[in-house]
Amino acid sequence: MSGVPPLKVLVIDDERPALDELTFLLGRDPRIGEVRGSDSATEALRVLQAEEVDAVFLDIQMPGLTGLDLAQVLSRFKQPPPVVFVTAHEEHAVAAFELRAVDYVLKPVREERLAEAVRRVVEAGGPAPSGDVQIPVERGGVTRFINRSEITHVEAQGDYARLHTADGSHLVRTPLGSLAEQWASAGFVRIHRSVLVALPHVEEVRSEGGRVSVVIGGTELPVSRRHTRELRSVLTRRDS
């Protein structure tokens, strides 16, 4: 983590054993410089109003002000800190996504999973791409969030879609057609009835023997005849 100062984080959980464990695990991470703990969202809010922290690790179900309530308040801050939800309940992932959480970690917390959450906090410290949104994905029973700007292309898999990034791929329960409509304004273009590409990630457009293809991350993807004219039209507008 060269050049990045140690992080100051605030951990909030009304159950003392869970609070102590999370504080201990975060304290072991070399990217973390200071860990503060609070067993009350109301108390934590007073701390956050008085001083700045680099990230908040937050339980959801707490008496009084819940974790979701606190995250909603933080979202109104001029410079809201990245929020990582740490909870035993899977069902709040959509609400966490809507609040632009950096990550969603399920209890019991594994140290390597927590390290991944810290990595996402570090990445969130930089400026977010304009108009970027976060997409909830599941892997191994864990819900994570990836930036849409990281997605290079999307492949249809029945009623599902597989999102490809430089680090791997993720299956989401959304048809390709729906994503094509929703993400058109973000530079996603259909090149085949089963493939959607992100124009910012297109490295080459090849044309040989009447066949057109695009290259993304070293992978060549064929463009169907039906979508060739649309792709060329979009690329021409982008370059003009």
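Residues numbered from 1 in each chain as written. Predicted model: local features only at pLDDT ≥ 70, side-chain atom pairs only at ≥ 80, totals over all residues. Heavy atoms only, no water.

A. Summary view of the pairing of strand β6 (residues 134–139). Relative to strand β7 (residues 142–147), β6 is paired through six bridges, and the arrangement is antiparallel. From the neighbouring strand, P136 faces β7, where its bridge partner is F145. Two successive antiparallel strands, β6 and β7, enclose a turn made up of two residues, where G140 displays a positive phi of approximately 60°. (Pairing = 2+ DSSP bridges. Helix = DSSP H or I, 4+ residues; strand = E, 2+ residues; numbered from the N terminus.)

B. The packing of aromatic side chains, seen in detail. With the rule as written, the count across this model stands at two aromatic pairs. Between W183 and F188, the ring centres sit 5.0 Å apart and the planes meet at 55°, which makes this aromatic pair tilted. On the accessibility criterion, W183 (5% relative accessible area) is buried. A relative accessible area of 5% means that F188 is categorised as buried. (Phe/Tyr/Trp six-rings, centres within 6.5 Å; stacked < 30°, edge-to-face > 60°. Buried < 20%, exposed > 50% of the residue type's maximum accessible area, 1.4 Å probe, protein only.)

C. Just the UniProt feature "modified residue: 4-aspartylphosphate" (unreviewed entry) in the protein, in detail. UniProt records the feature "modified residue: 4-aspartylphosphate" (unreviewed entry) at D59, using the numbering of this structure. According to the relative accessible area criterion, D59 is buried, its value standing at 5%. Beyond its immediate stretch of four places on either side in the chain, D59 contacts I12, D13, D14, G67, V86, T87 and K107. (UniProt positions renumbered as here; feature names shortened; annotations may be inferred. Contact = heavy atoms within 4.5 Å.)

D. Representation of helix α5 (residues 111–124) within the structure. Between its first and last C-alpha atoms α5 spans 20 Å; for 14 residues at 1.5 Å apiece the expected length is 20 Å, and the two agree. Taken together, the buried positions of α5 are R113, L114, A117, V118, R120 and V121. When α5 is viewed along its axis, its buried side chains cluster within an angular range of 160° and face the same direction. (Expected span 1.5 Å × (residues − 1). Arc of directions from axis to C-beta.)

E. Inspection of the environment of A96 at higher detail. The residue A96 is located in helix α4 (residues 93–98) in this model. Looking at A96, the relative accessible area reads 0%, which means it is buried. Between the C-alpha atoms of A96 and N147, which are 51 residues apart in sequence, the distance is 14 Å. Excluding residues that lie within four positions of it along the chain, A96 makes contacts with L68, F85, A101, Y104 and F145.

F. Examining the sheet that holds strand β1 (residues 7–12) more closely. The strand order β2-β1-β3-β4-β5 describes an open sheet built from five strands, whose pairing is parallel. Across the chains shown, the open sheet's two edge strands, defined by having one partner strand only, are β2 (32–38) and β5 (103–106). The sheet shows a mean angle of 20° between the axes of neighbouring strands, direction not considered. As defined by bridge partners, strand β3 (residues 55–58) adjoins strand β4 (residues 83–87) across three bridges and the pair is classed as parallel. Across the sheet, V56 pairs through a bridge with V83, a residue of β4. Relative to β1, helix α2 (residues 41–50) is tilted by about 155°, and along the sheet it contacts β1, β2 and β3. (Axes fitted to C-alpha atoms, helices over the stretch in contact; angles between N-to-C directions.)

G. View of the sheet that holds strand β11 (residues 188–192). The antiparallel open sheet is built from five strands, whose spatial order is β10-β9-β8-β12-β11. The open sheet terminates on both sides in strands that have one partner only, identified here as β10 (168–172) and β11. Strand-to-strand, the axes of this sheet are offset by a mean angle of 25°, without reference to chain direction. Note: strand β9 (residues 160–165) against β10, five bridges, orientation antiparallel.

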